[in-house]
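# Structural features, examined
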Amino acid sequence: MGADETTLVEAKDAPVRREKEGRKIVIHGVLVQVFGLGVQIMGDSGIGKTACGLDLIARGGLWIADDAVVLEKKGDALYGRGHERTKKLIAVRGLGILEDRALL
């Protein structure tokens, strides 16, 4: 099947396939650690992912990444971290792009 013949379902499953093959992937979203587990918040731009993530850290969560989340499979576990270029930045609607230490 050629690239232009890929179905929507196959396209949605592509990150899962890449993860299962042991490769790193970058996805759009916010990653927060809550009770020792990673919580990935995904959705369209402007929907409130960052605001939800900031609310979770105000309740005891740990901020991991905003906008670009790198996922990598190691053994049977899936690990997430911030992308090298944006790992210390948080984009807050109405305030702009801020360093994480200014908010956390």
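For the structure itself, consult the block above.
Below is a short write-up of the structure. (Residues numbered from 1 in each chain as written. Predicted model: local features only at pLDDT ≥ 70, side-chain atom pairs only at ≥ 80, totals over all residues. Heavy atoms only, no water.)

As a further point, take the packing of aromatic side chains. This structure, assessed with the given rule, holds zero aromatic pairs. Its end group placed over the ring of Tyr-79, Lys-74 keeps NZ or CZ at 5.5 Å from the ring centre. (Phe/Tyr/Trp six-rings, centres within 6.5 Å; stacked < 30°, edge-to-face > 60°. Lys NZ or Arg CZ within 6 Å of the ring centre and 35° of its normal.)

Quantified by volume, the second largest pocket comes out at close to 290 Å³. In this structure, the second largest pocket is lined by 15 residues; those nearest its centre are Gly-46, Lys-49, Thr-50, Ala-91 and Arg-93. The element that contributes the greatest number of residues to the lining of the second largest pocket is helix α2 (residues 49-58), accounting for four residues. Of the residues belonging to the lining of the second largest pocket, the class tally is six nonpolar, five polar and four charged. (1 Å grid on protein atoms, 1.4 Å probe; cavity = no way out; pocket = protein on both sides within 12 Å on 5 of 7 lines; lining within 4 Å. Points joined across faces, edges and corners; volume = space filled by probe spheres on them. Helix = DSSP H or I, 4+ residues; strand = E, 2+ residues; numbered from the N terminus. Nonpolar A, V, L, I, M, F, W, Y, C, P; charged D, E, K, R; others polar.)

Residues Lys-49, Thr-50, Gly-53 and Ile-57 constitute the buried set of α2. What you see down the axis of α2 is that its buried residues fit within an arc of 95°, all on one side. Facing away from the buried side of α2 by over 90 degrees, the exposed positions are Ala-51 and Ala-58. In this fold, the buried residues of α2 make contact with β1 (25-34), β2 (37-41), β3 (62-74) and β5 (89-92). The positive-phi residue at the C-terminal boundary of α2 is Gly-60, with phi of around 110°. (Buried < 20%, exposed > 50% of the residue type's maximum accessible area, 1.4 Å probe, protein only. Arc of directions from axis to C-beta. Contact = heavy atoms within 4.5 Å.)

Before going further, it helps to examine the nonpolar core. Among the nonpolar cores identified, the biggest contains seven residues, and these are Val-30, Val-32, Ile-41, Ile-57, Trp-63, Ile-90 and Val-92. Counting only elements with at least two residues in this core, the list comes to β1 and β5. Of all hydrophobic cores here, the second largest spans six residues; its members include Ile-27, Ala-65, Val-69 and Leu-71. (Core = buried A, V, L, I, M, F, W, Y, C linked by side-chain atoms within 4.5 Å.)

Strand order across the open sheet formed by four strands is β2-β1-β3-β4, with antiparallel pairing between neighbours. With partners counted over all chains shown, the strands left at the sheet margins are β2 and β4 (77-82), one partner each. Neighbour to neighbour, the strand axes of the sheet diverge by 50° on average, direction disregarded. Pairing of β1 with β3 involves nine bridges; the strand directions are antiparallel. By the bridge assignment, Gly-29 is partnered in β3 with Asp-67. Strands β1, β2 and β3 of the sheet are contacted by α2, whose axis makes an angle of about 25° with β1. (Pairing = 2+ DSSP bridges. Axes fitted to C-alpha atoms, helices over the stretch in contact; angles between N-to-C directions.)

Of the strand pairs in this sheet, β3 and β4 are connected by six bridges, and their pairing is antiparallel. The partner of Lys-73 across the bridge, within β4, is Leu-78. Connecting the antiparallel pair β3 and β4 is a turn made up of two residues, with Gly-75 showing a positive phi of about 65°.

The side chains of a regular strand alternate between both faces of the sheet. The pairing of β1 with β2 spans five bridges and is antiparallel. Residue Val-34 lies in a different strand from β2, and its bridge partner there is Leu-37.

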